[in-house]
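Chain residues, written in single-letter form:
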Amino acid sequence: SIRKMEMQVKLLVSKRDNINDTWGIHPDAGIEQAEIQIFDRWGNNIFINTAGSLFWDGRAKDGRMVPPGVYVYLIKVHLASGSVYLRKGDVTLLK
């Protein structure tokens, strides 16, 4: 079954002061596979992570900082039980 996960923080600040510097989820026990994708306003996939902690720090796949703005996220989590959780929405990147 597909269920939605609740995301609390949807604001990312690129000041690098350890306050809202990253955004995402902490995979825990029972998760077999997880992925986070970030898209720009034109629908281009600018970031994907499928390993370890699933966080985005405002950088594109090539490591460059993306401009401030609103980005779309898609998070997909596969549990050992066979359940699939899907969450999509937007996250705002501030300078």
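Above this note sits the structure.
Definitions and cut-offs
Residues numbered from 1 in each chain as written. Predicted model: local features only at pLDDT ≥ 70, side-chain atom pairs only at ≥ 80, totals over all residues. Heavy atoms only, no water. Core = buried A, V, L, I, M, F, W, Y, C linked by side-chain atoms within 4.5 Å. Buried < 20%, exposed > 50% of the residue type's maximum accessible area, 1.4 Å probe, protein only. Helix = DSSP H or I, 4+ residues; strand = E, 2+ residues; numbered from the N terminus. Pairing = 2+ DSSP bridges.

Draft legend 1. Layout of the nonpolar core. Counting residues in each nonpolar core, the largest one holds 17 residues, and the members touching the most others are Ile38, Ile46, Trp56, Val66 and Tyr71. Taken together, the elements giving at least two residues each to this core come down to β4 (31-39), β5 (45-49), β6 (54-56), β7 (69-79) and β8 (84-94).

Draft legend 2. Structural view of the pairing of β4. The pairing of β4 with β7 spans eight bridges and is antiparallel. Within β7, the position partnered with Ile31 by the bridge is Leu79. Where β4 and β5 come together, four bridges link them in antiparallel fashion. What sits directly across from Ile38, in β5, is Phe47. Counting the residues in the hairpin turn of β4 and β5 gives five residues, including Gly43, whose phi is positive at 90 degrees.

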